[in-house]
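Fold and geometry: a report
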Amino acid sequence: MSEPFDLDHFLRIPRLSGLQASRDGTRLAVSVGALDADGKAFKTAIWGIDPSGSTPPRRLTRSAAGESGAAFLPDGSILFTSARPDPDAKAEEAGKDKPPAGLWLLPADGGEARLLLAPEGGVSELAVARLSGDLVIGAPLHPRADDFAADEAAEKARKDAGTNALLFERFPIRYWDHYLGPRDLRLFTADAPTAVTETLAAPRDLTGSTQEALAEPQLDIADDGRFVVVAWQRSTLPVRQDLVVFDRASGERRELTNGDAFYDGPAISPDGRSVACLRTEFGSPERAESARLWHIDVASGEGRRIGASLDLWPASVTWARDGVALFVLADRQGATSVFRLDLASDTVTLLAADGSYADLCPTPDGSTLFALCSRLDRPPFVARLDARAADQSAVEIPSPVVEADLPRRGVVERLITTADDGVEIGAWLIRPKSASAKAPAPLVTFVHGGPLGSWTGWHWRWNAHILVERGFAVLMPDPAFSTGYGQRMIDRGWGAWHERPYTDLMAALDAALTRPDLDAERTALMGGSFGGYMANWVAGHTARFKAIVTHASLWDLRGFHGVTDFGPWWEQEFGDPYDDPSRYVEQSPSASVAHIRTPMLVIHGELDHRVPIGEALRLWTDLWRHGVEAKFLYFPDENHWVLKPGNVRAWYGTVLAFLEQHVLGKDWVRPELL
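This structure is a prediction, so every number in the text was calculated from the model and none was measured. Throughout this description, residue numbers start from 1 for each chain and increase along the sequence as written. Only residues with pLDDT of at least 70 are given local features in this predicted model, and only at 80 or more are side-chain atom pairs given and counted; all residues enter the totals for whole chains, interfaces and linings. Hydrogens and waters are ignored; side-chain quantities use all the structure's heavy atoms.

1. Description of the overall build of the protein
Put simply, DSSP H or I for four residues or longer makes a helix, DSSP E for two residues or longer makes a strand, and each gets a number counted from the N terminus. Regarding its fold elements, the protein presents twelve helices and 38 strands. Note that the radius of gyration is over C-alpha atoms, with the globule rule given as 2.2 Å times the number of residues to the power 0.38. Relative to the globule expectation of 26 Å for 674 residues, the C-alpha radius of gyration of the protein, 25 Å, shows essentially globular dimensions. In terms of its C-alpha atoms, the protein occupies a principal-axis envelope of roughly 70 × 60 × 55 Å. Here's how the labels work: a residue is buried when its accessible area is under 20% of the maximum for its type, exposed when over 50%, partly exposed in between, all with a 1.4 Å probe on protein chains only. For the protein, buried positions account for 57% of its 674 residues.

Structure below.
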């Protein structure tokens, strides 16, 4: 009998991220997250992986603070970030508050890691030139600070004065889970450290004060270290993001694009002559935005579309080391697939579609791709692919994830139904092996966030197997607006969240419930973010579900525009609310509160700035005022996601108790932690 896939089991599974390959392709490094000793936090360490799979994985770093962000230097040494204390610090310094995240170097031949740089605000970004080893480092500084010493003095002055006040002079002022101040991220450059480097020589400020431009940094450094390409965001209408080139030696800055689209994911070619990136065409209420693969000549700035036959929403591009091809990740029919784009012929080849891939690492000889891969029933693992062969499956390389970690009681199936306009709607069904016509399983429908998104692989936040362990089946449909089905699917949902996304969900559900092993009388629906919006919309437009769970959800779109971290994002789709608020009003679930009859569980985090807590507070108040049976699970220390292990337990415990009460007819049992 296999171990139950309960929360204890789930939380113990190693969490792999940030796969990196050495310059010669003979070594791999990956960040592995695991519960700490008291089970209250996830801590990461750097592990070494043998690409051949002939030797077991080996843990390379260990500290109470944890380590992440591994990057190889040309000599095989590994750089990483960690808030561990400096072992060489003087006694009076060692007793200070928790140190910031510093930059550390672990020699290629092993031994003790040493601290290279520890600015007061910490190190948050790192890029390494593949051939030269030169660095780009991201660190936040106070706007008037000229260097790290001045920044430290500015921070001390604020602490001595006892103030945490923030003064803003431009928009936006928040991003996802934090306010954009008092520091802002800057990029610094430093020459390559060596095996004998004790500390970095004073890094040179490359960008100066950036304000909101690097809220979500995306950058690449040329292999020879000559220049850096940075995605630079501007608070305009529509929201612009351009690519900017910085010369490392002179600091000269040059615009590579001219504001005609939203550019991101820059990747510099091995010869340094061009940049591949993603280019998103601006949308409007009448026309959906669209994403394309783009190739830019660095010298002239001339750009062109590439891979036009790939009618999918690309997620990232990675250069083959010989520069003749790009490897592209894009959602495709319920998977995040790997494609090869040969530049000379502009032909696209599907290499692998058997899971959700990330962190592509091509080898220098062009024969192999390493990656992280996950599936709906398999947490991320290290995988190997042939860099040229079509329609292949991942070859697993031994990693800290082992067979004992996997769920055992669920069966994963792919379902396809057809909407009334002839468009196929894909969905995943994960059901208990025991479900049958004699014992049909109750069904819970998950609605993904985004709204651009898809159910493609393993999920740490919305994990169906925890519900399957309790006897539920889980349907995970991809309605209108889902990526992986071409531009037409985006067009069907654009500016009309309440129409095709809703009817597609219902069509997928109706088709699934024709199966005899699913119980059509015992159903529920859950969603977060856009999925939470849809859960709220469903609640006001049908009473077919026994229960609805809505997390980080939008309730009143007109009010949401002014309190979310960046309301102008939504104007491309719904228009200017000060000129014409009709789309916001028409599509707000709050307008249908009087029709809600289904019991609802509302979940929200205080630190969520993308969908602020006010949306949940008004939803909760409106449900109470209209006599709807409801509960409100509130997290004062979480943002748009639920990240802390104890809060994960509280989340799943409450959701399961709520579903078992209303779907299975059991008595309500208040979770122990609450």
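2. Observations concerning the environment of Gly-450
Secondary-structure assignment places Gly-450 in the loop between β33 (441-447) and α4 (464-469). Sequence-wise, Gly-450 and Gly-531 are 81 residues apart; in three dimensions their C-alpha atoms are separated by 7.7 Å.

3. Some thoughts on unusual backbone geometry
With omega at 0°, the peptide bond leading from Gly-181 into Pro-182 counts as cis. A cis amide bond, omega 5°, links Gly-450 with the succeeding residue Pro-451. Along the polypeptide, Pro-451 turns up in the loop between β33 and α4. The phi torsion at Gln-333 lies on the positive side, around 50°, for a residue other than glycine. In this structure, Gln-333 sits in the loop between β24 (325-332) and β25 (335-342).

4. A closer look at the packing of helix α6 (residues 500-512) against helix α7 (residues 530-539)
Where α6 contacts α7, the axes come no closer than 11 Å and their chain directions differ by 80°. Relative to α7, α6 is oriented roughly perpendicular. Here Pro-501, Tyr-502, Leu-505 and Met-506 of α6 come into contact with α7, specifically with Phe-530, Met-534, Trp-537 and Val-538. In terms of residue class, the contact of α6 with α7 is built from eight nonpolar, no polar and no charged. Between the N-to-C directions of two axes lies an angle of 0 to 180 degrees, each axis being a line fitted to C-alpha atoms and, for a helix, fitted only over the stretch in contact. Note that the term roughly parallel is reserved for angles under 35 degrees, roughly antiparallel for angles over 145, roughly perpendicular for angles of 65 to 115, and oblique for everything else. The contact rule is simple, with two residues in contact once any of their heavy atoms fall within 4.5 Å. Residues are grouped as follows: nonpolar covers Ala, Val, Leu, Ile, Met, Phe, Trp, Tyr, Cys and Pro; charged covers Asp, Glu, Lys and Arg; every other residue, Gly included, is treated as polar.

5. Regarding the nonpolar core
Counting 51 residues, the largest nonpolar core has Trp-497 and Met-534 as its most contacted members. With seven residues, the top contributor of residues to this core is α7. The residues contacting Trp-497, other than those within four sequence positions of it, are Pro-451, Phe-481, Tyr-502, Phe-530, Tyr-533, Met-534, Leu-554, Leu-557, Trp-570, Glu-573, Phe-574 and Gln-587. The definition of a nonpolar core used throughout is a set of buried Ala, Val, Leu, Ile, Met, Phe, Trp, Tyr and Cys residues joined through side-chain atoms within 4.5 Å. Membership of the second largest hydrophobic core comes to 38 residues, among which are Val-444, Trp-458, Phe-472 and Leu-601.

6. Side note on α6
An α-helical turn contains 3.6 residues, so a residue and the one three or four places further along point in the same direction. For a helix, the expected span equals 1.5 Å multiplied by the number of residues minus one. Under the 1.5 Å per step criterion, the end-to-end length of α6 is 18 Å for 13 residues, consistent within 8% with the ideal 18 Å. All of the buried residues along α6 are Pro-501, Tyr-502, Asp-504, Leu-505, Met-506, Ala-508, Leu-509 and Ala-512.

7. A short note on the sheet that holds strand β35 (residues 518-528)
Spatial strand order, β31-β32-β34-β33-β35-β36-β37-β38: eight strands in an open sheet with mixed pairing. Of all strands in the sheet, those bounded by a partner on one side alone are β31 (410-418) and β38 (630-635). Averaged over all pairs of adjacent strands, the angle between their axes in this sheet comes to 20°, without regard to strand direction. Two strands pair if DSSP finds at least two bridges between them. With four bridges joining them, strand β32 (residues 424-432) and strand β34 (residues 473-477) adopt antiparallel strand pairing. Considered in β34, the bridge of Ala-427 is made with Pro-477. Its contacts with the sheet put α6 on β31, β32, β33, β34 and β35, and the angle it makes with β34 is roughly 140°.

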